[in-house]
Amino acid sequence: MVAAGVLISGSGSNLQAIVDRIAAGRLDCTVRLVISNRPEAAGLARAAQAGLPSQVIDHRDFATRDAFDLALVAALRAAQVDLVVLAGFDRLITPTFVHAFPQRIMNIHPGLLPAFKGLHAQQQAFEYGVKIAGATVHFVDPELDHGPIIVQGAIPVAPDDTAATLQQRILGVEHEIYPLAIQLFAEGRLAIVGRRVLIQGPRPTLPPPIVHW
Ligand code: GRF
């Protein structure tokens, strides 16, 4: 069982996927605290609906990124979380935060890193004309979208896809791979060796390659 703190900024659909997987008895995780940096985040209603403790820590109330991050760290430590889950969180976290939870902060990126780092990765991929898109769960280090990769999920880009339809289908991948990554962490199966995350124990058979044109 892993005690998680989930940080959100918006709709909270990844939070919802985690909550649903816990309710289905398929994720050994307890969400101890949901924090949003935006008081208007719809994800706060999802937290309330799920009966989860939540808190708004608004980055605009702090003079520096470090001060904001120290407030986040204090709240997460008070909630005694083992794992910090960034789920649609739209702030770049500082080394202060990363060093407070070494190798215990995860993020979901709506692109197949290292491709399309940064904002609007789905749009970047669509405009680049990729044939295969997807999402990445990775550990967070002080660089943007750079930490060791835990799980990736890939989908073909449909000929009639738009940036919006692709974004929605990538979101579906996110909702599959984030609970999986957290479960692997809860089972203690993730070993970080340099840039690689080695997953110990039984593994599914390798899926066939996705070939798409
Ligand atoms: C998603 O596209 C996710 O990839 C990105 O933030 C967006 C919203 O996520 N990190 P959520 O619905 O708030 O979980």
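Now for a description of the structure that goes with this document.

Parameters at a glance
- Residues numbered from 1 in each chain as written.
- Predicted model: local features only at pLDDT ≥ 70, side-chain atom pairs only at ≥ 80, totals over all residues.
- Heavy atoms only, no water.
- Helix = DSSP H or I, 4+ residues; strand = E, 2+ residues; numbered from the N terminus.
- Buried < 20%, exposed > 50% of the residue type's maximum accessible area, 1.4 Å probe, protein only.
- Contact = heavy atoms within 4.5 Å.
- Areas by Shrake-Rupley, 256 points an atom, 1.4 Å probe, with all protein chains shown as cover.
- Salt bridge = Lys/Arg side-chain N within 4 Å of Asp/Glu carboxyl O.
- Core = buried A, V, L, I, M, F, W, Y, C linked by side-chain atoms within 4.5 Å.
- Near = heavy atom within 4 Å.
- Polar contact = N/O pair within 3.5 Å; in protein donor to acceptor, adjacent residues only side chain to side chain.
- Arc of directions from axis to C-beta.
- Phe/Tyr/Trp six-rings, centres within 6.5 Å; stacked < 30°, edge-to-face > 60°.
- Lys NZ or Arg CZ within 6 Å of the ring centre and 35° of its normal.
- Pairing = 2+ DSSP bridges.
- Axes fitted to C-alpha atoms, helices over the stretch in contact; angles between N-to-C directions.
- Parallel < 35°, antiparallel > 145°, perpendicular 65-115°, else oblique.
- Left-handed = near helix turned anticlockwise from the far one by under 90°.

1. Focus: the overall build of the protein chain
Within the protein chain, the regular secondary structure consists of six helices and nine strands. Reported as C-alpha extents along the three principal axes, the dimensions of the protein chain are approximately 50 × 40 × 35 Å. The buried share among the 213 residues of the protein chain stands at 48%. Counting only contacts in the protein chain whose residues sit at least 6 apart along the sequence, the fraction spanning at least 24 positions is 63%. Roughly 10600 Å² of accessible area belongs to the protein chain as shown, and the carbon and sulfur atoms make up 57% of that amount.

2. Focus: the pattern of salt bridges
Tallied over the full model, the rule gives five salt bridges. Salt-bridge contacts for Asp58 lead to Arg60; the nearest nitrogen and oxygen are separated by 2.9 Å. Arg60 sits in the exposed class, given a relative accessible area of 51%. In this structure, Arg169 and Asp161 form a salt bridge, with 2.3 Å as the shortest nitrogen-oxygen distance.

3. Observations concerning the nonpolar core
In terms of nonpolar packing, the biggest core is built from 43 residues, with Val85, Met106, Ile150 and Ile182 touching the most fellow members. Take this core: its biggest share by element is nine residues, from helix H6 (residues 163–186). Beyond its immediate chain neighbours, meaning those up to four positions away, Ile150 contacts Met106, Val137, His138, Phe139, Ala181, Leu190, Val197 and Ile199. Among the nonpolar cores identified, the runner-up in size contains 21 residues, and Ile57, Leu72, Leu76 and Val98 belong to it.

4. Structural notes on the site of the ligand
Around the ligand, the surrounding shell consists of Ser11, Gly12, Ser13, Asn14, Ala87, Gly88, Ile108, Pro110, Gln122, Leu171 and Glu174. The side chain of Ser11 places a nitrogen or oxygen atom 2.5 Å from an oxygen atom of the ligand. Asn14 places a polar main-chain atom, nitrogen or oxygen, 2.9 Å from an oxygen atom of the ligand. Against a free-state accessible area of 360 Å², the protein chains account for coverage of 82% of the ligand.

5. A few points about helix H5 (residues 121–128)
When H5 is considered as a whole, its buried residues turn out to be Ala121, Gln122 and Ala125. One side of H5 holds all its buried residues, which, seen down the axis, span an arc of 100 degrees. Those residues of H5 that are buried lie in contact with strand S5 (105–109) and H6.

6. Focus on the packing of aromatic side chains
Considering all chains together, one arrives at four aromatic pairs under this definition. With centroids separated by 5.7 Å and ring planes inclined at 50 degrees, the aromatic side chains of Phe62 and Phe68 adopt a geometry described as tilted. Residue Phe68 is classed as buried on the basis of its relative accessible area of 4%. The ring of Phe101 has Arg77 lying over it, and the distance from NZ or CZ to the ring centre is 6.0 Å.

7. With respect to the pairing of strand S8 (residues 190–193)
Bridge count for S8 against strand S9 (residues 196–199) is four bridges, and the pairing is antiparallel. Across the sheet, residue Ile192 finds its bridge partner in S9, namely Val197. As consecutive antiparallel partners, S8 and S9 are separated by two residues, and within that stretch Gly194 has a phi angle of approximately 65 degrees, a positive value.

8. Considerations on the environment of Leu184
Its location among the elements puts Leu184 in helix H6. For the pair Leu184 and Gln200, spaced 16 residues apart in sequence, the C-alpha separation works out to 9.0 Å. With residues near it in sequence (within four places) discarded, Leu184 still touches Val151, Arg189, Leu190 and Ile199.

9. Details of the packing of H5 against H6
Taken N-terminus to C-terminus, the directions of H5 and H6 make an angle of 125 degrees; their axes are 9 Å apart at the nearest point. One way to sum up the angle between H5 and H6 is to call them oblique. Relative to H6, H5 is oriented so that their crossing is right-handed. Two secondary-structure elements touch here, H5 through Gln122, Gln123 and Phe126 and H6 through Ala163, Leu166, Gln167 and Ile170.

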